[in-house]
Amino acid sequence: MTPTSLATPRSRILSGMRPTGKLHLGNYMGALANWVKLQDDYECYFFIADLHALTTDYADPSQIAPNTLEVAFEYLAAGLDPARCTIFVQSHVSQHYQLPLLLGMITPKGWLERVPSYKEMQENLAHKDLTMFGFLGYPVLMASDILLYQAHYVPVGQDQQAHVELTREVARRFNNFYKLDGKEVLPEPDVLLTPSPKLPGTDGRKMSKSYGNTILMIDPEPVVRQKLKTMVTDPARIRRTDPGDPDKCPVGDLHKVFSAPETMAKVYGGCRSAGIGCIECKSWVVNALVQILEPIHARRASLTESRVMEILQDGSRRAGARAEQTMEQVRAAMQLPILTPPLAGAYGVLGNTIRRSTIAESARPPGSDDLESR
Ligand code: SF4
């Protein structure tokens, strides 16, 4: 594990999110806000994990494409800058289909069954049949996402470290089996621990789309105010005259993340002495949230769908070029056949292409350049 302060500048970073639709403050504070800071100091690749969405939504993939576009909008609205990082869609980069298959050849099934989220997700999504090869293998897909970019670091919160550990084990196993010119091909990535503050939803449980308790990044101010109005507070504070404790109140938790120290002092003093009411206290949180959300809303309003598509296409091209460098090394290390002309002659289509170019070459003047024959 590598503390943030010791990480080498311009090391490569990879991270992504499933396209779950509109993102909420938990997504923003747990990941996006950190990514925005990292893009200046690291070579960053941020992707939208639409293939991961298929592992659970295979029976009805109708929302994956619109959600992918929505998440792209919100990456950019949060402040990811395509001039400073590469933003792409996983399924647009064909190498994300290739490496999982090859790594799947060497990953023991027991490793996958032991991943904590494997059982957890099956329980949480009991209404879906997740006894699929794709779902069991999603940690291999995840490992491939990271290893394709030979990423040095993966920014994660405490609770996601197990996935990076599995990626390290897969890389180690690959490197034990295969080498290229005596050297290891897949570097083991390190965890880059990023702040992941506890962010309660309006019902006091962890903010999560599945609980329906979120404050969305795109919620306008009146909606945020309305959601806060109904947010649960310290259960001991029943009447206005009852003292409360911000450490036992979800609104207090939001203050700890978003409010300035002066406001925090007023919250602690006023709540414990019953000197303030919960409505007033909540309005201070909303003021702090609006400060964070306003620039996000302004950036989002400046984006068009065609511009977002253009950014994703360019990002996928750049990501594909980087991923292919790794795939070339992986194929060579695994000694997969490379179609040089003598071998390619034995194959249909490529053989014909080569034969055509050979004919063309014989017909052209000596010394002329022919790209097709290269
Ligand atoms: S005053 Fe604020 S911190 Fe105290 S119980 Fe009410 S909302 Fe919670």
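Note that the coordinates shown come from a computational prediction; the quantities given were computed from them, not determined experimentally.

## Overview of the overall build of the chain
Secondary structure assignment for the chain yields 16 helices and five strands. When each of the 374 residues of the chain is scored for burial, the buried share is 34%. In the chain, 75% of the contacts between residues at least 6 apart in sequence involve partners at least 24 apart.

## A look at the site of the ligand
By nearness alone, 14 residues border the ligand, and Gly244, Cys249, Cys271, Cys278 and Cys281 come closest of all. Listing elements by their share of the shell around the ligand, those giving two or more residues are helix H11 (250-258), helix H12 (261-272) and helix H13 (278-301). It is H13 that provides the largest number of residues to the shell around the ligand, a total of three residues. Residue classes in the shell around the ligand are distributed as eight nonpolar, three polar and three charged.

## What about the environment of Ser316?
Turning to its location among the elements, Ser316 is positioned in helix H14 (residues 305-333). Separated by 222 residues in sequence, Ser316 and Ser94 have C-alpha atoms that sit 9.6 Å apart. Among residues more than four places away in sequence, those in contact with Ser316 are Phe88, Val89, His92 and Val93.

## As for helix H2 (residues 50-57)
Along H2, six of the eight residues are buried, which leaves the element largely enclosed by surrounding structure. Among the residues of H2, those classed as buried are Asp50, Leu51, His52, Ala53, Leu54 and Thr55. Summarising the contacts, the buried residues of H2 are in contact with strand E2 (43-48), helix H3 (64-78), strand E3 (85-89), helix H4 (95-104), helix H7 (133-136) and helix H8 (138-147).

## Overview of the nonpolar core
The biggest cluster of nonpolar side chains holds 81 residues, and the ones touching the most others in it are Ile13, Phe46, Tyr75, Ile87 and Val154. The contact partners of Phe46, leaving out residues within four places of it in the chain, are Ser15, Gly16, Trp35, Tyr75, Leu80, Cys85 and Ile87.

## Section: the pairing of E3
For E3, a buried count of five out of five residues is recorded, marking the element as mostly surrounded by other parts of the structure. Taking every second residue as pointing to the same face, both faces of E3 are buried, with Cys85, Ile87 and Val89 on one and Thr86 and Phe88 on the other. By the bridge criterion, five bridges tie E2 to E3 in an arrangement that is parallel. Bridging across to E3, Phe46 finds its partner in Ile87.

## Regarding H3
For H3, built from 15 residues, the straight-helix expectation of 21 Å at 1.5 Å per residue is met to within 8% by its first-to-last C-alpha distance of 21 Å. Those residues of H3 not exposed but buried are Ile64, Thr68, Val71, Ala72, Phe73, Glu74, Tyr75, Leu76, Ala77 and Ala78. Immediately beyond the C-terminal end of H3, within one or two residues, lies Gly79, with a positive phi of roughly 120°.

## Here's the deal with the packing of H3 against H13
When two helices pack together, you describe them by how their axes are tilted relative to each other and by the distance separating the axes. The N-to-C vectors of H3 and H13 enclose an angle of 125°; their axes lie 8 Å apart at closest approach. It follows that H3 is oblique to H13 by the angle criterion. For H3 against H13, the interelement crossing comes out right-handed. Contact residues: H3 offers Phe73, Leu76, Ala77 and Ala78, while H13 offers Ile296, Arg299 and Arg300. Counted by class, the contact of H3 with H13 contains five nonpolar, no polar and two charged residues.

Each value, and the rule that gives it
- Residues numbered from 1 in each chain as written.
- Predicted model: local features only at pLDDT ≥ 70, side-chain atom pairs only at ≥ 80, totals over all residues.
- Helix = DSSP H or I, 4+ residues; strand = E, 2+ residues; numbered from the N terminus.
- Buried ≥ 20, exposed ≤ 12 C-beta atoms within 10 Å, placed from the backbone.
- Contact = placed C-beta atoms within 7 Å.
- Near = placed C-beta within 6 Å.
- Nonpolar A, V, L, I, M, F, W, Y, C, P; charged D, E, K, R; others polar.
- Core = buried A, V, L, I, M, F, W, Y, C linked by C-beta atoms within 7 Å.
- Pairing = 2+ DSSP bridges.
- Expected span 1.5 Å × (residues − 1).
- Axes fitted to C-alpha atoms, helices over the stretch in contact; angles between N-to-C directions.
- Parallel < 35°, antiparallel > 145°, perpendicular 65-115°, else oblique.
- Left-handed = near helix turned anticlockwise from the far one by under 90°.

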